[in-house]
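A structural walkthrough
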Amino acid sequence: MDANIPIARTSLTDEEVQSVLEPLRSGWLVQGPRVKEFEDKWRNFTGAPEAAAVTSCTTGLHLALEAAGIGPGDEVIVPAFTWISTANVVEHTGASVVFCDIDISTFNIDVELLPRLLTPRTKAIIPVHLFGLAADMTAINDFARSANLFVLEDAACGFGATHNGQHVGYFGDAGVFSFHPRKAITTGEGGMVTSQSEDLITKIRRLRDHGAELSDLQRHLGPKPYLLADHTEAGFNQRMTDIQGALGSAQMDRASEIVNERRRLASIYDEAFADLPWLATPSIFEGYEHGYQSYPCLFMPAAVNAALVASDEAAIKNINANRNQWMDDLQNAGISTRPATHAVHMLKFYREKYELSPMSFPRAFAANDCSISLPLFHGLSDDEQAMIIEIVRDSF
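Notes on the structure in this doc start here. (Residues numbered from 1 in each chain as written. Predicted model: local features only at pLDDT ≥ 70, side-chain atom pairs only at ≥ 80, totals over all residues. Heavy atoms only, no water.)

Concerning helix α10 (residues 255-273)
Look at α10: 28 Å from first C-alpha to last across 19 residues, which is about the 27 Å you get at 1.5 Å a residue. The set of residues buried in α10 consists of Ala255, Ile258, Val259, Glu261, Arg262, Leu265, Ala266, Tyr269, Asp270, Ala272 and Phe273. Those residues of α10 that are buried lie in contact with α3 (33-46), α9 (242-252), β10 (279-280), β12 (295-299), β13 (371-374) and α15 (382-395). (Helix = DSSP H or I, 4+ residues; strand = E, 2+ residues; numbered from the N terminus. Expected span 1.5 Å × (residues − 1). Buried < 20%, exposed > 50% of the residue type's maximum accessible area, 1.4 Å probe, protein only. Contact = heavy atoms within 4.5 Å.)

What about the side chain of Thr82?
Tracing the backbone shows Thr82 in the loop between β2 (75-79) and α5 (85-93). With a relative accessible area of 1%, Thr82 lands in the buried category. Within the local environment of Thr82, its side chain forms a polar contact with the side chain of Thr86, the two groups lying 2.9 Å apart. Dropping the residues within four chain positions of it, Thr82 is found in contact with Val128, Leu130, Asp154, Thr341, His342 and Val344. (Polar contact = N/O pair within 3.5 Å; in protein donor to acceptor, adjacent residues only side chain to side chain.)

Overview of the packing of aromatic side chains
Where two aromatic rings form a pair, the distance of their centres and the angle of their planes describe that pair. Counted according to the given criterion, the structure contains 19 aromatic pairs. For the pair Phe38 and Phe179, a centre-to-centre distance of 5.1 Å together with 45 degrees between the ring planes defines the contact as tilted. With a gap of 141 residues between them, Phe38 in helix α3 and Phe179 in the loop between β8 (174-178) and β9 (191-195) connect regions that are remote in the sequence. Considered together, Phe38 and Phe179 belong to a single accessibility category, that of buried residues. With a centroid separation of 6.3 Å and an interplanar angle of 5 degrees, the aromatic rings of Tyr350 and Tyr354 are classed as stacked. (Phe/Tyr/Trp six-rings, centres within 6.5 Å; stacked < 30°, edge-to-face > 60°.)

Some details on the nonpolar core
Grouped together as the largest cluster of nonpolar side chains are 82 residues, with contacts concentrated most on Phe81 and Phe273. Per element, the largest residue contribution to this core is six residues, and it comes from helix α4 (residues 57-67). Not counting chain neighbours up to four residues away, the residues in contact with Phe273 comprise Leu279, Thr281, Tyr295, Leu374, Ile389, Val392 and Arg393. Judged by nonpolar contacts, the second largest core, of 38 residues, contains Ala51, Cys100, Ala161 and Ala184. (Core = buried A, V, L, I, M, F, W, Y, C linked by side-chain atoms within 4.5 Å.)

A short note on the sheet that holds β12
Read across the sheet, three strands follow the order β10-β12-β13 without closing on themselves; strand pairing throughout is antiparallel. Each of the sheet's edge strands pairs with one partner strand only, and the pair in question is β10 and β13. The sheet contact formed by β12 and β13 spans four bridges and is antiparallel. Bridging from a neighbouring strand, Pro296 pairs with Ser373 of β13. Against the sheet, helix α14 (residues 362-370) touches β12 and β13, its axis set at about 45 degrees to β13. (Pairing = 2+ DSSP bridges. Axes fitted to C-alpha atoms, helices over the stretch in contact; angles between N-to-C directions.)

Below is the structure:
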């Protein structure tokens, strides 16, 4: 048993490792048949009618906003507690970020706050399915339809997450997934855009490939492969390689196994920590299936909620000091942890540009300072998890 358990660890089978050799041997390394195969398997698993692989979730989000025509003068609603790229892609289009606070019990966007954020400049909303728990897409879509907003699901953590039986990435105008090494399916770096709109995905396929009407593969397989394609967009180079596509495609053959393993590990944690009043484990609700990209908990939840009711910034900072000391103790005991993610409005660029303070979005601030993610990944052994549970229970 590893005495130092990481927060995440990539686990690939021999077949998956071998899969990358096929494109290397074939000589087709750029976006090609293996990427197409990966896209098809992703569509089949998620139920999304259309899918386009890209270089990362970040570039996928950016391409979707560009395809929707989001630009200078527009406003896009983004949860204040998420990875920074959710907000960065809005900035990259020239639009303005409008932060929304979260529900502290789910870490997802608080849909009840959305109407008060609406202005004539609001053009889109990016709900995030944080850590593998779907946002309330029924309420979000109702709000978006009433205001004629483009809905872009940030499903970076969403593999395996469902809402009312439907996999995320299907509900909005587009959804985007991540294949970073901390995700359940990984291609090192990479992303996938899904949509019900063939027109939108067609435009994204052009934009990812310098604006070309035909991909290299389409041209190569066509009647005149020697002719270059026309370019109808000022696009980007955000194409997934066939090496990555082969690796992703191979992992999709055990997609259900990977999701079920993460849920099994999470259920063991849930049971082991159910009696700890100082640790709130991930919320589970009827109509939702959690994908458990990670296992985010809230440290000292009663004290956090009391501090939020009292708008007591100092109390949150005091909880944060205790959490940080506990994380240090766990690290010294061989257990890696992380804050669940960060509150983007507290980061220098956004704090200064939009003149924000931690208490501008108090629940995102509390989540930033009082959350903790425990190790959860495919391949975590029973002995490793038993060690984590024992140390967590005894260390605070």
